[in-house]
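Report on the structure
Listed below are the residues making up each chain.
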Amino acid sequence: KEGQQAVLASDYALPRFAYLERLLLIHGRWSYNRIGTLVGYFFYKNIAFVMTLFWFSLTNGYSAQALFDSGYQSLYNLVFTSWPVMIFAGLDRDLEAHHVLALPELYSTGQFRVRFNARRFGLFVGGAIAHSLLLFFVTRACLDLNVSDRDARVVDVWSGGTSVFTNVVGVVTVVMGLLTRSFTWIHWLFYVGSFGVWFVFLVVYCSVPPGYLGTYDTADKVYNILFDFGSSILFWLTLIALVLLCCLPILLWKFLKEHLFPDIDDYYRRNLPKDNQMPAISLRPAEAEAPPSPVAALLPPAAAAPPADRNKEPSLLQHVRSRSDFTPAPTHPEDARSGPASETSRSHRRDIL
């Protein structure tokens, strides 16, 4: 009875200790990677949004003039940027489960705080401030003194605010996509759909006449603004320019980091064979063999490889090591900058296991 009560009050209940391996090494590692990225991303998307209002206050003489309509601000976190976060938190993974089980050294990313540390958090905050500068001042420079529609009306504060808000939602959604390490049709549906919901909202919200909803909105601020300002190609060119200007540096940085200074998971993402390219590969040793030691799996190929037997299918690690471009992967992130693993790094990995 007491055991049943403890199970009902617990977050996780394991009927067998054998299930603890999968919970920690697979789901625990995936959860750490997701949470470490999401914490920084939450600060990023909110700082980028709020700082645009701060830069606007510097240009209006601290007059308390609003840049965004209250309807925009109310739904920013609730609707327009929420779905990509939830999909990322539930589905993102860098390596498949059977790869993680075969390579327990991948768990070291959590031990060395690779995904959540002061340096990575500072990059999110610094990137948010830099993006807010671009989102406000570049948009303002593109729209300032330019006509907005065929009637030659200039861009007012609400048209400019709508353009800035559109650019903010577009940039933070694309950044979420750049942080995602595995894509399925569900990711594409909710990432693209989340941005599309913003335009659906604009069509409906800007079609409601002032005072139609009672005292909620009696001022003629954004009524029909999308149909007037959205018909200008300048609105769409500014959106494309801001997304490229903010996201291309991130894409370049990710490419250089993963190829020149890779973490251990980046290394194995490049070296492990794709599932559809390894139909005869088994993650378990043959039944006639004794189970290999985890330490032996981390030794050089010459010392770790068992006697050749063509009648037995090779393991995943043997398949990877048989490649001509294979070098032992570093466990600690700093080891990735020094090339192939040295004897010190191998002994360090043996201590971890």
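Along every chain, residues carry numbers that run from 1 in the direction the sequence is written. It should be noted that, the model being predicted, local features are given only for residues of pLDDT at least 70 and side-chain atom pairs only at 80 or more, the latter also being counted only at that level, while totals for whole chains, interfaces and linings use all residues. Side-chain calculation: all heavy atoms of the structure are included, whereas hydrogens and water are not.

1. Examining the overall build of the protein
What the protein contains, in helices and strands, is 15 helices and zero strands. Using a 1.4 Å probe on the protein chains alone, a residue whose accessible area is under 20% of its type maximum counts as buried, one over 50% counts as exposed, and one in between counts as partly exposed. Evaluated residue by residue, the protein yields a buried proportion of 39% over its 353 residues. A separation of at least 24 residues holds for 80% of the contacts in the protein among residues at least 6 apart in sequence. Within the structure as shown, the protein displays about 19600 Å² of accessible surface, and the carbon and sulfur contribution to it stands at 63%. Numbering goes from the N terminus for both helices and strands, where a helix is a DSSP run of H or I of at least four residues and a strand is a run of E of at least two. Here a residue-residue contact requires only that any non-hydrogen atoms of the pair lie within 4.5 Å. Reported accessibility uses the Shrake-Rupley method at a 1.4 Å probe radius. Residues are deemed covered only where the shown protein chains occlude them.

2. Describing the packing of helix α2 (residues 19–59) against helix α8 (residues 157–179)
Fitted lines through C-alpha atoms give the axes, limited to the stretch in contact for helices. The angle between two N-to-C directions lies from 0 to 180 degrees. Two numbers describe how α2 lies on α8: the axes approach to 11 Å, and their chain directions differ by 165 degrees. By the angle class used here, α2 and α8 are roughly antiparallel. Both α2 and α8 take part in a crossing whose hand is right-handed. Across the interface between the two elements, T37, Y41, Y44, K45, F49, T52 and F56 from α2 touch V157, V164, F165, V168, V171, V172, T173, V175, M176 and L179 from α8. Nonpolar residues are Ala, Val, Leu, Ile, Met, Phe, Trp, Tyr, Cys and Pro. Charged residues are Asp, Glu, Lys and Arg, and all others, Gly as well, are polar. Looking at the contact of α2 with α8 residue by residue, the class counts come to 13 nonpolar, three polar and one charged. Any angle that is under 35 degrees is reported as roughly parallel, and any over 145 degrees as roughly antiparallel; angles of 65 to 115 degrees are reported as roughly perpendicular and all others as oblique. Left-handed describes a crossing whose near helix is turned anticlockwise from the far helix through less than a right angle; right-handed describes the clockwise counterpart.

3. As for the side chain of T37
Relative to the elements of secondary structure, T37 occurs in helix α2. Assessed through its relative accessible area of 4%, T37 is described here as buried. Excluding anything up to four places from it in sequence, T37 contacts F88, R115, R120, F124 and L179.

4. Concerning the packing of α8 against helix α9 (residues 185–205)
Pairs of packed helices are described in terms of their axes, by the angle between the two and the distance that separates them. Their axes nearest at 9 Å, the elements α8 and α9 cross at an angle of 165 degrees. Relative to α9, the element α8 is oriented roughly antiparallel. Here α8 and α9 pass one another in a crossing that is right-handed. Residues T162, F165, T166, V169, G170, T173, M176 and G177 of α8 lie in contact with α9, whose contacting residues are Y191, F195, W198, F199 and L202. For the contact of α8 with α9, the class distribution of residues is eight nonpolar, five polar and no charged.

5. Some details on the state of the cysteines
When the sulfur atoms of two cysteines come within 2.5 Å, that pair is taken as a disulfide. Considering all chains together, one arrives at zero disulfides under this definition. You can see C246 has no disulfide; the closest cysteine sulfur is in C247, sitting 6.1 Å from it. On the basis of relative accessibility, which here comes to 2%, the residue C246 falls in the buried class.

6. Some remarks on the confidence of the model for the protein
One rule of thumb: low pLDDT means the predicted coordinates there are not for detailed reading. Confidence per residue, as judged by the predictor, is encoded in pLDDT with a range of 0 to 100. Averaged over all residues, the pLDDT of the protein is 76; the fraction at 70 or higher stands at 71%. Below pLDDT 50 for its whole length, residues 302–317 participates in 25 contacts with residues either more than four positions away or in separate chains. With pLDDT under 50 throughout, residues 335–353 is counted as low confidence; its partners more than four residues away or in other chains account for 28 contacts.

7. A word on the packing of aromatic side chains
Within a pair of aromatic rings, the relevant descriptors are the distance that separates the centres and the angle that separates the planes. Ring geometry is summarised as follows: Phe, Tyr and Trp rings, the Trp one being its six-membered ring, pair when their centres sit within 6.5 Å, and such pairs are stacked at plane angles under 30 degrees, edge-to-face over 60 and tilted between the two. Across all of its chains, the model carries 28 aromatic pairs by this definition. For the ring pair F56 and F136, a centre distance of 6.1 Å and an interplane angle of 70 degrees mean the geometry is edge-to-face. Of this pair, F56 sits in helix α2 while F136 sits in helix α7 (residues 118–143), and the two are 80 residues apart along the sequence. Assigned by exposure class, F56 and F136 land together as buried. Summarising the aromatic geometry, the rings of F199 and W236 are spaced 5.5 Å apart at their centres and angled 25 degrees between planes, so their arrangement reads as stacked. Here W236 lies in helix α11 (residues 233–260) and F199 lies in helix α9, a separation of 37 residues in the sequence. For W236, a relative accessible area of 35% translates into the label partly exposed. Here a set of aromatic residues connected by ring pairs shows up, and it is made of F49, F68, Y72, Y76, F80, F165, W198, F201 and Y205.

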